[in-house]
Amino acid sequence: MSVFVAAAVLMQESDNTLERLARWTEPLGRYVNYKWKLADFEFSAASILIGLFVFFLALIIARRLRAVVERRMQAHARLDPGLQYAVLRLVNYVIIVVGALYALKTAFNLDLTSLAVVFTALSVGIGFGLQFIAGDIASGFILLFERPIKVGDFVTTSGPDSKLVEGRVESINLRTTVVMTNDHVAAIVPNSRLVNNNVLNWSYRERRSRISIHVGVSYAVDVELVTGTLLRAAEGVEGVLGEPKPSVQFMEFGESSLNFRLLVWTDRPRRYPQIRSDINYRIRKLFLEEGIEIPSPQLDLNLRGGALRIDGDSRLLLGPEDEEDGTTAAANDERQPELRGR
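Caption draft 1: How the structure looks around the sheet that holds strand β5 (residues 176–181). If you trace the five strands from one edge of the open sheet to the other, you get β6-β5-β4-β3-β7, paired in antiparallel fashion. Lying at the two open borders of the sheet, with one neighbouring strand each, are β6 (186–190) and β7 (200–201). With two bridges connecting them, strand β3 (residues 154–158) and β7 associate as antiparallel partners. Bridge assignment links T156 to a residue of β7, and that residue is L200.

Here is the structure:
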């Protein structure tokens with residue numbers, strides 16, 4: 001009997017403790033659950049806390065689900081890395097947007113009509129004040145859906161001061177795209193620039209790309225010798241593919257040279273500046289060995305109706321009339337040009 005009496009006493013004391021705790025927390029509960037109204041929005045401190053919890057829960061779910069999908073997609077080696085990246089980004093965005101909408105509904109007791117009104121007002125504000133940011137965000141979705149540029153592509157686009165930026169696409173974010181250049185410098189490019197401007201994608205459909213190297217030789221050189229020497233210059237260069245084979249094209253008869261073009265293929269487009277440099281080194285070396293001259297621009301000047309000479313002291317151009325009159329070109333500088341060169 002004493003055990004039952006003790007248990008009854010403990011239960012009574014616990015009930016009294018709960019009652020006292022309820023009385024103490026009653027003011028706090030009324031404050032937390034007090035309904036506030038702002039226009040058509042009704043909220044309380046408790047609903048805001050629950051909404052924040054829902055939003056952070058959506059962030060955690062998005063991260064975990066993205067990790068699961070990424071592991072599943074990595075198991076399929078044939079899937080394009082750019083496609084995997086686009087799918088993972090879209091899954092992440094969809095879960096976060098749905099979680100944010102449900103958090104707003106929980107916190108402020110909103111319905112879809114109210115959300116439409118809010119987004120309409122926000123779109124008007126974005127149209128006036130944040131149009132460039134909105135354009136970048138919209139361009140980000142275009143890049144993810146249309147996929148003209150994918151993660152891993154080697155691209156050339158315009159950068160600051162209209163300078164060209166070349167590099168590998170590291171990531172396509174909501175507003176910007178990160179391009180890692182050959183100098184290992186991250187170029188942050190707005191998405192709208194990639195959508196609206198011309199972009200050279202070296203690996204759009206396949207990894208192979210062609211490199212064109214132009215060179216001019218003297219008119220006195222045998223063209224067959226030039227062709228064979230250029231093909232030898234492409235042999236053994238790291239990054240140059242054996243198939244398709246290198247080829248040479250005779251482009252034109254230039255003003256002071258015969259112009260050729262050496263065409264080689266590579267599956268490493270990011271190294272194309274180094275490949276071009278290696279081939280140029282070999283062309284210079286082989287041309288010197290074969291005696292092939294690379295001419296500098298020349299200009300022939302034909303003079304008629306008299307003889308001209310250069311005065312040794314003044315370095316001026318003298319005509320026959322200057323010799324007859326005994327005058328110098330310095331006295332006639334308005335009609336005779338001074339030679340500043342050699």
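Text resumes after the structure shown.
Caption draft 2: Geometry of the sheet that holds strand β9 (residues 247–253). Spatial ordering of the open sheet is given by β8-β10-β9, a layout of three strands whose pairing is antiparallel. Whereas interior strands pair on both sides, the edge strands pair on one side only; in this sheet they are β8 (209–217) and β9. Neighbouring strand axes in the sheet, compared pairwise and without regard to direction, differ in orientation by 25 degrees on average. On top of the sheet, helix α7 (residues 223–233) reaches β8, β9 and β10 (258–266); it is set at about 25 degrees to β10, its chief contact. Sheet strands in contact with helix α8 (residues 272–290) are β8 and β10, and its direction is about 30 degrees off that of β8.

Caption draft 3: Summary view of the packing of α7 against α8. Two elements in contact, α7 and α8, have axes whose closest approach is 9 Å; the angle formed by their N-to-C orientations is 140 degrees. With respect to each other, α7 and α8 are oriented oblique. For α7 against α8, the interelement crossing comes out right-handed. Facing L225, V226, T229, L230, R232 and A233 of α7, the residues of α8 in contact are I279, R282, I283, L286, F287, E289 and E290.

Caption draft 4: Fine view of α8. Look at α8: 27 Å from first C-alpha to last across 19 residues, which is about the 27 Å you get at 1.5 Å a residue. The set of residues buried in α8 consists of Y272, I275, I279, I283, L286 and F287. Each buried residue of α8 lies within a common arc of 100 degrees when the element is viewed along its axis, so the set occupies one face. Away from its buried face by more than 90 degrees, α8 exposes Y281, K285, L288 and E289.

What counts and what doesn't
- Residues numbered from 1 in each chain as written.
- Predicted model: local features only at pLDDT ≥ 70, side-chain atom pairs only at ≥ 80, totals over all residues.
- Heavy atoms only, no water.
- Pairing = 2+ DSSP bridges.
- Helix = DSSP H or I, 4+ residues; strand = E, 2+ residues; numbered from the N terminus.
- Axes fitted to C-alpha atoms, helices over the stretch in contact; angles between N-to-C directions.
- Contact = heavy atoms within 4.5 Å.
- Parallel < 35°, antiparallel > 145°, perpendicular 65-115°, else oblique.
- Left-handed = near helix turned anticlockwise from the far one by under 90°.
- Expected span 1.5 Å × (residues − 1).
- Buried < 20%, exposed > 50% of the residue type's maximum accessible area, 1.4 Å probe, protein only.
- Arc of directions from axis to C-beta.

Bear in mind that shape data such as this cannot, by itself, settle questions of function.
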